[in-house]
Amino acid sequence: MNRIIVFIFTFLAFVSCADHYQPREINAITIKEFKIDSVSIRAIEVINKNEVIYAGSNGDIGFFSDIDKPMVLEIKYQDSIRPNFRSIAANNKAVFALSIGNPALLYHLSDGKATLKYTENHEKVFYDALKFFDDNLHGIAVGDPTENCASILLTSDGGDTWSKIKCANLPVFEDGEAFFAASNTNIKTMGSTVWIASGGKKARILKSDDFGHTWQIYNTPIVQGNGPQGIYSIDFADKNNGIAIGGDYSNPLENNANKAITKDGGLTWTLVANGQNPNYKSCVQYVPKTNGKEIFAVGKTGVSFSNNGGLTWVAVSKEAYYAIQFVDKNTAWLSGNNKLGKLVLK
């Protein structure tokens, strides 16, 4: 049964005039839930207000519509392995889905058919996220180290071919530094720039301004040092202003050093709402066309909202979701365990 969560509040006690931004009046935030049986969904690609594509844990690629019958493409590798997909991305040619675990499997999806474009066999292989750049030709996937650097795949032909960057051309990773396949949002692309967020032993930001060919790496104050600690998601409102969120998956109620913002394109980061909620979150996204002020964060601890660039937050829902992606400033899709959600601001 569909569940509708309605959260109504005023902003009289939640107004920021920073940067001359006046929060809009929102009378209600609703989240309508759609049950999707037997699949954990950590990666979504929105189409419009009524349609979303998801990549699931049991080899399912779903084309979901809230006004028509959804369709599911069931993918099997070598006739028996159902890939665990946690990454999905689209350009103007097709949809692409990438699995975690060994072997890594990257599929091109078009016209109801799945074509394998890249495989990688290694005991340590584990790919976490996949994105295309604005030009739709360049794409990038990131995974945990199989050597002493991040595993990064690049394409420059719209996804027809993919190649792995050599460690000699990447920053050296600390032993125990890796990524989290939590929501397909530890990568952010904008123009020819890409940012990637790490976790575990270190919580750092990798940055490239040339479609992933050369790289720099920057420290953050996000909690780090142990396996489940670090940055789980990043987003940028523009090339200077961004936000990183995460925490400790094993201690999800902890809210210290799990949120930070940058104003210089990711070179330096400052903690915000430190010691205040939200606690652990797996995905953070700016609301489009709100001057970088309205932000939503979701995770197994619920859904939270800020209208002042992440300085303060309010809880919207206690329902657990892994990821959120906006269609426009009033509509977003969410994904979780055995469910999708549709968020509407009014």
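Look a little higher up for the structure.
What counts, and at which threshold
Sequence order sets the numbering: in each chain, residues are counted from 1 along the sequence as written. Per-residue local features of the predicted model are confined to residues with pLDDT of at least 70, and side-chain atom pairs are confined, for both listing and counting, to 80 or more; whole-chain, interface and lining totals are unaffected and use all residues. With hydrogens and water set aside, each side-chain value is computed from the structure's full complement of heavy atoms. The criterion for an aromatic pair is that two Phe, Tyr or Trp rings (for Trp, the six-membered ring) have centres within 6.5 Å, with stacked assigned to planes under 30 degrees apart, edge-to-face to planes over 60 apart and tilted to the rest. Secondary structure counts use DSSP, requiring at least four H or I residues in a row for a helix and at least two E residues in a row for a strand, with both numbered from the N terminus. Throughout, exposure labels follow a simple rule: accessible area from a 1.4 Å probe, protein chains only, divided by the maximum for the residue type, with under 20% read as buried, over 50% as exposed, and the rest as partly exposed. Sitting over a ring, as applied to charges here, requires NZ of Lys or CZ of Arg to be within 6 Å of the ring centre and within 35 degrees of the ring normal. In this tally, Lys and Arg are treated as positive and Asp and Glu as negative; His is ignored, and so are the chain termini. Basic side-chain nitrogens of Lys or Arg form a salt bridge, by our definition, when they fall within 4 Å of a carboxyl oxygen of Asp or Glu. Residue contacts are counted whenever heavy atoms from the two residues lie within 4.5 Å of one another. Criterion for a disulfide: a pair of cysteine sulfur atoms within 2.5 Å.

> Could you clarify how one ought to interpret the packing of aromatic side chains in this entry?
A ring pair, where both rings are aromatic, is described by two values, the distance of the centres and the angle of the planes. Counted according to the given criterion, the structure contains 16 aromatic pairs. Between Y232 and Y280, the ring centres sit 4.9 Å apart and the planes meet at 90°, which makes this aromatic pair edge-to-face. Highlighted residues: Y232 in strand 20 (residues 229–236) and Y280 in the loop between strand 23 (270–271) and strand 24 (283–286), separated in sequence by 48 residues. The residues Y232 and Y280 share a single accessibility class, namely buried. A centroid spacing of 5.7 Å and a plane angle of 50° characterise the contact between F296 and F326, whose relative ring orientation is tilted. Of the two residues, F296 is situated in strand 25 (residues 295–299) and F326 in strand 28 (residues 323–328); the sequence distance between them amounts to 30 residues. The buried category is assigned to F296, whose relative accessible area is 0%. Clustering of aromatic rings is evident, with ring pairs tying together F180, Y232, Y249 and Y280. Cation over ring: K300 sits above Y249, and NZ or CZ is 3.6 Å from the ring centre. One residue, K339, lies across the ring of Y321, its end atom 4.2 Å from the ring centre.

> Where do I start with the side chain of D128 in this structure?
Positionally, D128 belongs in strand 10 (residues 127–132). Summary of buried charges: D128 has no salt-bridge partner, and the nearest side chain of opposite charge, R86, is 6.8 Å away. Once residues within four sequence positions are removed from consideration, D128 is found in contact with R86, S87, V142, G143, D144, F179, F180, A181, N184 and N186.

> Is there a simple way to explain the state of the cysteines in this structure?
Such a bond, covalent and formed between the sulfur atoms of two cysteines, is termed a disulfide. Within this structure, the stated rule accounts for 1 disulfide. There is a disulfide in this structure between C149 and C167, and the S-S distance comes to 2.0 Å. What sets the handedness of the C149 and C167 disulfide is the S-S torsion sign, and at about -80° it is left-handed. Of this pair, C149 sits in the loop between strand 11 (139–143) and strand 12 (151–155) while C167 sits in the loop between strand 13 (163–164) and strand 14 (177–178), placing them 18 residues apart in sequence. The same class applies to C149 as to C167, namely buried.

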